[in-house]
Amino acid sequence: MLSALWLSLAPIGAQETSKTVVIKTNVGTMKAILYDDVPNHTRVFVERARRGDFNGTLFTRVIPEFMIQGGAPDSRNAPAGARCGFGDRSAEIMPEFNEKYFHKRGALAAPRQPDDVNPQKKSDMSQFFIVQGKVYRGGELDTLERTTNYAARQKALKEFYVPVRAELNMIKMSNRREYIKRLRVINAQIDSVIQATPGHLLFTDAQREAYTTVGGCHHLDGEYTIFGELTEGFDVLDQIATQPRDAYDRPKKDIRIESVTIE
């Protein structure tokens, strides 16, 4: 059932790709497509893969219902239990956010340093991560929207609804059609305020479909550049994400990236 759902969602970016990446690990193989319309990230990832930069590195951070992250240069030959996966600031490139791509299950993306040291949200292309995520209920997404947008909605209500509330109540009793017409205008004004507010949250139909079927990590949207998506090996993704891990989320048993090749 899951594979059928995934196939129904894959065309979001599949028709705009020309390259497939094969990620062979010591616990199985995953395949992903790379997006042509995220050109710099795809180009740099392909260059690094063809040089063998990811070969022999580890998945250094795995968190169930979240993601798996690997490829860091400092993880190659890292001693057991050592902290690694710190990345490479010299491998950073500018972000390429694309609203049609979001962090659904299987999304392939670039990690980055936090905003306080990386306000431009530059991607660290020395590593990559793949989303496992979780499945949300529709009501959960509604609650997330309401909670996130509460302050902006209250501000808009005070500006557009409260001053005309008494008038609207009068219209409602005498002219239902006019009342509905006026209410639609006010709701549109409120929505405009919310959409113009930094940090607002409004899920698209595509996001709702994905997050309530295959799952994902909605809170990463707009924060990290996605440049591909998994097409095969979701069982391997799950196996890696659920590995026993230490206090720093490194798997206790090394999950090694044997090779990353481009087809």
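Residues numbered from 1 in each chain as written. Predicted model: local features only at pLDDT ≥ 70, side-chain atom pairs only at ≥ 80, totals over all residues. Heavy atoms only, no water.

1. Regarding the nonpolar core
Thinking step 1. Counting residues in each nonpolar core, the largest one holds 45 residues, and the members touching the most others are M30, F45 and F128.
Thinking step 2. The next biggest cluster of nonpolar side chains, apart from the first, holds ten residues, and it includes I186, I190, V193 and I194. (Core = buried A, V, L, I, M, F, W, Y, C linked by side-chain atoms within 4.5 Å. Buried < 20%, exposed > 50% of the residue type's maximum accessible area, 1.4 Å probe, protein only.)

2. Digging into helix 4 (residues 138–161)
Thinking step 1. If you check helix 4, its first and last C-alpha atoms are just 28 Å apart, much less than what 24 residues at 1.5 Å a residue would give, namely 34 Å.
Thinking step 2. Residues L141, E145, N149, A152 and A156 constitute the buried set of helix 4.
Thinking step 3. Of the surrounding elements, those touching the buried residues of helix 4 are helix 6 (176–195) and helix 7 (205–211). (Helix = DSSP H or I, 4+ residues; strand = E, 2+ residues; numbered from the N terminus. Expected span 1.5 Å × (residues − 1). Contact = heavy atoms within 4.5 Å.)

3. Here's the deal with the packing of helix 5 (residues 165–174) against helix 6
Thinking step 1. The N-to-C vectors of helix 5 and helix 6 enclose an angle of 145°; their axes lie 6 Å apart at closest approach. Along its contact with helix 5, which presents E167, L168, I171, K172 and S174, the element helix 6 presents R176, E178, Y179, R182, L183 and I186.
Thinking step 2. Across the contact of helix 5 with helix 6, the residue classes tally to five nonpolar, one polar and five charged. (Axes fitted to C-alpha atoms, helices over the stretch in contact; angles between N-to-C directions. Nonpolar A, V, L, I, M, F, W, Y, C, P; charged D, E, K, R; others polar.)

4. Concerning the packing of aromatic side chains
Thinking step 1. Inspection of every chain in the model, using the stated rule, returns ten aromatic pairs.
Thinking step 2. Judged by centre distance (3.8 Å) and plane angle (10°), the rings of Y35 and Y101 are stacked. Of the two residues, Y35 sits in strand 2 (residues 28–35) while Y101 sits in the loop between strand 5 (92–93) and strand 6 (107–109), which places them 66 residues apart along the sequence.
Thinking step 3. By relative accessible area, which is 8% here, Y101 ends up buried.
Thinking step 4. Judged by centre distance (5.9 Å) and plane angle (85°), the ring pair of F45 and F128 falls under edge-to-face. With F45 in helix 3 (residues 39–51) and F128 in strand 8 (residues 128–131), this pair connects stretches of sequence that are 83 residues apart.
Thinking step 5. Residue F45 is classed as buried on the basis of its relative accessible area of 0%. (Phe/Tyr/Trp six-rings, centres within 6.5 Å; stacked < 30°, edge-to-face > 60°.)

5. Focus on the pairing of strand 4 (residues 67–70)
Thinking step 1. Of the two faces of strand 4, the one lined by M67 and Q69 and the one lined by I68 and G70 are each fully buried.
Thinking step 2. Judged from the four bridges that link them, strand 3 (residues 59–63) and strand 4 form a sheet pairing that is antiparallel. Bridged to F59 within strand 4 is G70.
Thinking step 3. Counting the residues in the hairpin turn of strand 3 and strand 4 gives three residues, including E65, whose phi is positive at 65°. (Pairing = 2+ DSSP bridges.)

6. Structural notes on the environment of Q195
Thinking step 1. If you trace the backbone, Q195 turns up in helix 6.
Thinking step 2. You can call Q195 partly exposed: its relative accessible area is 49%.
Thinking step 3. It is 9.1 Å that separates the C-alpha atoms of Q195 and A152, two residues lying 43 residues apart in sequence.
Thinking step 4. With residues near it in sequence (within four places) discarded, Q195 still touches H200 and L202.

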